[in-house]
Amino acid sequence: MGKDDLKLLSMWASPFCMRVKVALAEKEIPYEEILENDLMNGKSELLLKSNPVHKQVPVLLHDDKPVAESANIIAYLDEVWPAKPLFPDCAYGKSRARFWADYINRKVHPAGCAIWNSKDKDELEAAKANFLEIMMFLDGTLGDKDYFNGDTFGYVDILLIGHTSWFPAYEKFGDFKLEDHYPKLAAWITRSSARETVSESLTNPEKITNFVIMMRKMHGLE
């Protein structure tokens, strides 16, 4: 399949787009990235046509057929390109991967954004406590394994690592260090980030932090 057959509608700051890029890199699938430059003030006609329900990136276009939602896109990639599988082999392993995928999708980004979007100290402390509780459960299921998938970097790892470019911003505005609370999880971030597929797919955390500062100013928090 040629590069022109696969396109990714993306945005540089989106953790959901970053995770799809990691999956594509892990599976060595060539694609063309089409960046949305200004999602706040205007979305492209291609995006609105490709994802009319949610009107959000990422969207994968496979032979011009749209596949929306990042976790769904990655599962689709794993089914269509079965080489270098991202899911565990057994049915039970797959069910656990889907459980933690749902947990990460529903919890991590909203909890992190609540930290930098807090309006006062009490709200900030509550947001920070909520985020760290979410990290507690993730740290617990990681345990002593190198990756959530065991010895191999897989589906759950990809879903979570896409969020980690935002973590330094959460730490900055929440005045905490993840490593102080969950060193195993922090070590997993370091280990995963050392993979070329990850380092070349994730946006620099400093750029994300500057983006968050801009968003805080827009919301009157700076």
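Bear in mind the structure is a predicted one, so any value in this text is a computation, not a measurement.

Rules used in this analysis
Residues numbered from 1 in each chain as written. Predicted model: local features only at pLDDT ≥ 70, side-chain atom pairs only at ≥ 80, totals over all residues. Heavy atoms only, no water. Helix = DSSP H or I, 4+ residues; strand = E, 2+ residues; numbered from the N terminus. Rg over C-alpha atoms; globule rule 2.2 N^0.38 Å. Buried < 20%, exposed > 50% of the residue type's maximum accessible area, 1.4 Å probe, protein only. Contact = heavy atoms within 4.5 Å. Pairing = 2+ DSSP bridges. Right-handed = clockwise from strand over helix to strand, strands pointing away. Axes fitted to C-alpha atoms, helices over the stretch in contact; angles between N-to-C directions. Salt bridge = Lys/Arg side-chain N within 4 Å of Asp/Glu carboxyl O. Parallel < 35°, antiparallel > 145°, perpendicular 65-115°, else oblique. Nonpolar A, V, L, I, M, F, W, Y, C, P; charged D, E, K, R; others polar.

J.: Which residues make up the overall build of the chain, and what are the values?
T.: Along the chain, the regular secondary structure elements total eleven helices and four strands. On C-alpha atoms alone, the chain measures out to a radius of gyration of 17 Å, which is about the 17 Å that the 2.2 N^0.38 rule sets for 222 residues. Reported as C-alpha extents along the three principal axes, the dimensions of the chain are approximately 50 × 45 × 30 Å. Split into buried and exposed, the 222 residues of the chain put 49% on the buried side. Taking the intrachain contacts of the chain between residues at least 6 apart in sequence as the baseline, contacts between residues at least 24 apart amount to 70%.

J.: Any chance you could break down the pairing of strand β2 (residues 32–35) for me, citing the residues and the numbers?
T.: Bridging between strand β1 (residues 6–10) and β2 involves four bridges; their strand directions are parallel. Bridged to leucine 9 within β2 is isoleucine 34. Each parallel crossover has a hand, and for β1 linked through helix α1 (residues 15–26) to β2 it is right-handed.

J.: So what's going on with the sheet that holds strand β3 (residues 59–62)? Residues and values would help.
T.: Ordered by their spatial adjacency, four strands build an open sheet running β2-β1-β3-β4, and the pairing between neighbours is mixed. Both outer strands of the open sheet, β2 and β4 (65–68), are each paired with one neighbouring strand and no more. The mean inter-strand angle of the sheet, taken between neighbouring strand axes irrespective of direction, is 25 degrees. Note: β1 against β3, four bridges, orientation antiparallel. Across the sheet, the residue bridging to lysine 7 is leucine 61, located in β3.

J.: Lay out the pattern of salt bridges with the relevant residues and their values.
T.: Overall, the coordinates contain seven salt bridges when judged by the stated rule. Here glutamate 33 and lysine 21 are joined by a salt bridge, their closest N and O atoms 3.4 Å apart. Residue glutamate 33 is located in strand β2, and its partner lysine 21 is located in helix α1; the two are separated by twelve residues in the primary sequence. For lysine 21, a relative accessible area of 17% translates into the label buried. One salt bridge connects glutamate 26 with arginine 195, and the closest N-O pair in it is separated by 3.0 Å. In this pair, glutamate 26 sits in helix α1 while arginine 195 sits in the loop between α9 (183–193) and α10 (196–199), placing the two residues 169 residues apart along the sequence.

J.: Now, about the packing of helix α5 (residues 121–142) against α9: what can you tell me, with residues and values included?
T.: In a packed pair of helices, the relevant descriptors are the angle between the two axes and the axis-to-axis distance. At a minimum axis separation of 9 Å, α5 and α9 run at an interaxial angle of 75 degrees. When the axis of α5 is compared with that of α9, the two are roughly perpendicular. Where α5 abuts α9, its residues Met135, Asp139 and Leu142 lie against Lys184, Leu185 and Trp188. Here the residues of the contact of α5 with α9 are counted per class, giving four nonpolar, no polar and two charged.

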